[in-house]
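Here's the letter readout for the chains.
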Amino acid sequence: NSSAASDVYKRQVLWEGGLLEEVTNLVEWPVAVTGKFDEEFLQLPREVLITAMEHHQRYFPVVDGEGKLMPFFVAVANTQARDMEVVRRGNERVLQARLADAKFFYEEDLKVPLERRVEGLKGVVFQAKLGTLYEKVQRVQTLAKRLAERLCPEEVAVVQRAAYLCKADLLTEMVGEFPQLEGVMGREYALRGGESPAVAQAIFEHHLPRFSGDKLPESHPGAVLSIADKVDTVVGCFSVGLIPTGTSDPFAVRRQTLGVIHTVLDKGYRLSLGEVIRWALESLGQKVQRPPAEVEEEVLEFFRGRYEGLLLAEGWPRDEVEAVLEIQREDLVDAKRRIEALHRFRSSPDFESMIIAFKRVANIVKRRDYPDDPQPGLFKTREEGELLEAYRETEAEFRRLMEGEDYGAILSLFSRLRPVVDRFFDNVLVMEKDESLRANRLALLGKVYGLFSQAADFSRIVLQGDAPKSTP
């Protein structure tokens, strides 16, 4: 009849994740079979049905034209059977049993509110040296509150409530049977338990991103909670010596680190990673088994390594990335803006002048001791006074531009120092035999070097004609 034909016409296979590729690699002679399940199961959360079909049975779900699940699935047999109706009924029977279990778990879970499950986390070990999941929840609450007060003060109450409930779904029957639904069921049970939609959303989003290319938290409470949870794991692991190696990363510290980076960049959060790491160390308290300063430095370098790899994968030149991350590894958003400005300025005719001026200064002052401030009374040449005056004028303008984070203008400003620096080197002997004159001239160049170095380590920039670095 026409209604049945119309129904079939609306059906579409839901192509998500890597199931198609997985099934393609599993079968040699693929034969698709369409099956059906009871419509009553459509009352279950969408993700439960999809997980049961895709992850457990490797069936493809079917949706209508609006993307709503329909009570159908597509299975792929490995051969053409004599009677495909037998194959269809067999697949339907297996899925029916799986969905019946899911429905039972769901109904049983709803009998116990999430809030009443939290105490049970005291009996679940997160990691032997880092304590139970309940202790982790307490740490995440503390860290998330501090982050929320900084990033979204109007959402502190939502963040605190979501942090308290965020791990409770681990004790549900549904997540025990379908671990992939962690967070998803937390959101569903929170909503069914009367929690606000904002709290429920944050509970789900604190798990994001779960894998490479996964979606990121949309809400600020979800993003803040995601960062807090992941930073606690990363810092906690480093603080007890569980540092990832080439063959071992049981707590997915690399993935958690990248999750923090992606979330911070996506939301444009202005944070000092060092400060956030110190907050996490304070929350860990006596569980920290290594010198906190050492842990902070190692975690910062770990973040820098992951961020550098991400930027290189995006196509940013290595020398520009290294030049910026050498001096800015804590504010990820600021680092990205500096790299973008440096990359744009590279096409400017003034770029090479600016880099050459810096390198001339850096080559003579690096690894040398000199006073903090030059003494004008010890100047013997006009060029010394000119360089000091040019530095002072540049420094004043630099401060103003730094406040506005106008890095493109800062780079142009630096390029204007090239003629003054060149005249200084052409007419002044820096390494003078007189110790006081030598130290004073180094102090003068040190001021210029220090000013440049606040924007980037330009010694890492490779100019055309530079000798390649030797490999050890």
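If you're wondering where the values come from, they're calculated on a predicted model, not measured in any experiment.

A. Geometry of the overall build of the protein chain. Each helix and strand in the protein chain was counted, giving 21 helices and 6 strands. Counting only C-alpha atoms and orienting by the principal axes, one finds that the protein chain spans roughly 100 × 50 × 40 Å. Every one of the 472 residues in the protein chain was classed for burial, and the buried ones make up 49%. Once local pairs closer than 6 in sequence are excluded, the contacts in the protein chain between residues at least 24 apart make up 70%. For the protein chain, the accessible area works out to roughly 23100 Å², and carbon and sulfur atoms hold 48% of it. On the protein chain, the mean spot of the 64 positive side-chain charges and the mean spot of the 77 negative ones are 2 Å from each other.

B. Highlighting the nonpolar core. With 140 residues, the main nonpolar core has Met 174 and Phe 458 as its most contacted residues. The leading source of residues in this core is helix H11 (residues 220–239), at 10 residues. Look past the residues within four positions of Phe 458 in its chain and what remains in contact with it is Leu 342, Met 354, Ile 355, Phe 358, Lys 359, Leu 411, Phe 414 and Phe 452. Counting residues in each nonpolar core, the second largest holds 8 residues, with Val 27, Val 62, Met 70 and Phe 72 among its members.

C. Examining helix H18 (residues 382–403) more closely. With 22 residues, H18 should cover 32 Å at 1.5 Å per step; its first-to-last C-alpha distance of 32 Å lies within 8% of that length. Residues Glu 383, Glu 384, Leu 387, Leu 388, Ala 390, Tyr 391, Thr 394, Phe 398 and Leu 401 constitute the buried set of H18. End-on view of H18: buried residues confined to an arc of 165°, all on one side of the axis. With respect to the buried face of H18, the exposed residues turned more than 90 degrees away are Arg 382, Glu 393, Arg 400 and Glu 403. Residues of H18 that are buried make contact with helix H19 (407–415), helix H20 (418–427) and helix H21 (435–453). In the segment just after H18, Glu 405 is the residue with positive phi, at about 55°.

D. View of the confidence of the model for the protein chain. This prediction gives the protein chain a mean pLDDT of 93; 96% of its residues lie at or above 70. Here residues 1–6 scores under 50 on pLDDT; set against residues more than four positions off or in separate chains, the count is 0 contacts.

E. View of the environment of Asp 319. Mapped onto the elements, Asp 319 comes out in helix H15 (residues 318–325). When the C-alpha positions of Asp 319 and Arg 304 are compared, they lie 15 Å apart, and in sequence the two are 15 residues distant. In this view, Asp 319 contacts Arg 346, Arg 460, Ile 461 and Val 462; residues no more than four positions away in its chain are not counted. In this structure the side chain of Asp 319 is engaged in a polar contact, spanning 3.0 Å, whose partner is the backbone nitrogen of Val 462.

F. Focus on empty space enclosed by the protein. As enumerated under the stated definition, the model contains 2 cavities of 30 Å³ or more in all. Those elements that place two or more of their residues in the lining of the largest cavity are helix H16 (332–345) and H19. When residues in the lining of the largest cavity are grouped by element, the largest group, 3 residues, is from H16. When its residues are assigned to classes, the lining of the largest cavity shows 8 nonpolar, no polar and 1 charged. The space that makes up the second largest cavity amounts to roughly 30 Å³. Every residue lining the second largest cavity is listed: Val 264, Tyr 269, Leu 271, Leu 273, Glu 330, Asp 331 and Leu 332. Residue composition of the lining of the second largest cavity, grouped by class: 5 nonpolar, no polar and 2 charged.

G. Region of interest: the layout of surface pockets. Quantified by volume, the largest pocket comes out at close to 1100 Å³. A per-element tally of the lining of the largest pocket places helix H3 (residues 46–57) first, with 6 residues. In the lining of the largest pocket, the residues fall into 13 nonpolar, 9 polar and 16 charged. Every residue lining the second largest pocket is listed: Pro 209, Phe 211, Ser 212, Gly 213, Asp 214, Leu 216, Arg 255, Leu 258, Gly 259, His 262 and Leu 310. The greatest single-element share of the lining of the second largest pocket, amounting to 4 residues, is contributed by helix H12 (residues 253–267). Classifying every residue of the lining of the second largest pocket gives 5 nonpolar, 4 polar and 2 charged.

H. A look at the packing of helix H13 (residues 273–284) against helix H14 (residues 292–313). Orientation of H13 relative to H14, taken along the N-to-C sense of each, is 135°, at an axis distance of 10 Å. By the angle between their axes, H13 is oblique relative to H14. H13 and H14 meet at a crossing whose hand is right-handed. Residue-level inspection shows Leu 273, Gly 274, Ile 277, Arg 278 and Leu 281 of H13 in contact with H14, the latter providing Pro 292, Val 295, Glu 296, Val 299, Leu 300 and Phe 303.

I. Fine view of the environment of Glu 108. Its location among the elements puts Glu 108 in helix H4 (residues 84–109). Its relative accessible area of 29% is what places Glu 108 among the partly exposed residues. Sequence separation between Glu 108 and Met 174 is 66 residues; the distance between their C-alpha atoms is 9.0 Å.

J. Examining the pairing of strand E4 (residues 69–77) more closely. Counting buried residues in E4 gives 8 out of 9 residues, a clear majority hidden from the surface. Summarising the sheet, strand E2 (residues 31–36) and E4 pair through 6 bridges and their orientation is antiparallel. In the sheet register, Ala 32 faces E4, and the bridge partner there is Val 76. Bridge count between strand E3 (residues 60–63) and E4: 3 bridges; the pairing is antiparallel. Of the residues in E4, the one forming a bridge with Val 63 is Leu 69. As consecutive antiparallel partners, E3 and E4 are separated by 5 residues, and within that stretch Gly 67 has a phi angle of approximately 85°, a positive value.

Reading guide: rules and limits
- Residues numbered from 1 in each chain as written.
- Predicted model: local features only at pLDDT ≥ 70, side-chain atom pairs only at ≥ 80, totals over all residues.
- Heavy atoms only, no water.
- Helix = DSSP H or I, 4+ residues; strand = E, 2+ residues; numbered from the N terminus.
- Buried < 20%, exposed > 50% of the residue type's maximum accessible area, 1.4 Å probe, protein only.
- Contact = heavy atoms within 4.5 Å.
- Areas by Shrake-Rupley, 256 points an atom, 1.4 Å probe, with all protein chains shown as cover.
- Lys, Arg positive; Asp, Glu negative; His and termini not counted.
- Charge placed at Lys NZ, Arg CZ, Asp CG, Glu CD.
- Core = buried A, V, L, I, M, F, W, Y, C linked by side-chain atoms within 4.5 Å.
- Expected span 1.5 Å × (residues − 1).
- Arc of directions from axis to C-beta.
- pLDDT = per-residue confidence, 0-100.
- Polar contact = N/O pair within 3.5 Å; in protein donor to acceptor, adjacent residues only side chain to side chain.
- 1 Å grid on protein atoms, 1.4 Å probe; cavity = no way out; pocket = protein on both sides within 12 Å on 5 of 7 lines; lining within 4 Å.
- Points joined across faces, edges and corners; volume = space filled by probe spheres on them.
- Nonpolar A, V, L, I, M, F, W, Y, C, P; charged D, E, K, R; others polar.
- Axes fitted to C-alpha atoms, helices over the stretch in contact; angles between N-to-C directions.
- Parallel < 35°, antiparallel > 145°, perpendicular 65-115°, else oblique.
- Left-handed = near helix turned anticlockwise from the far one by under 90°.
- Pairing = 2+ DSSP bridges.

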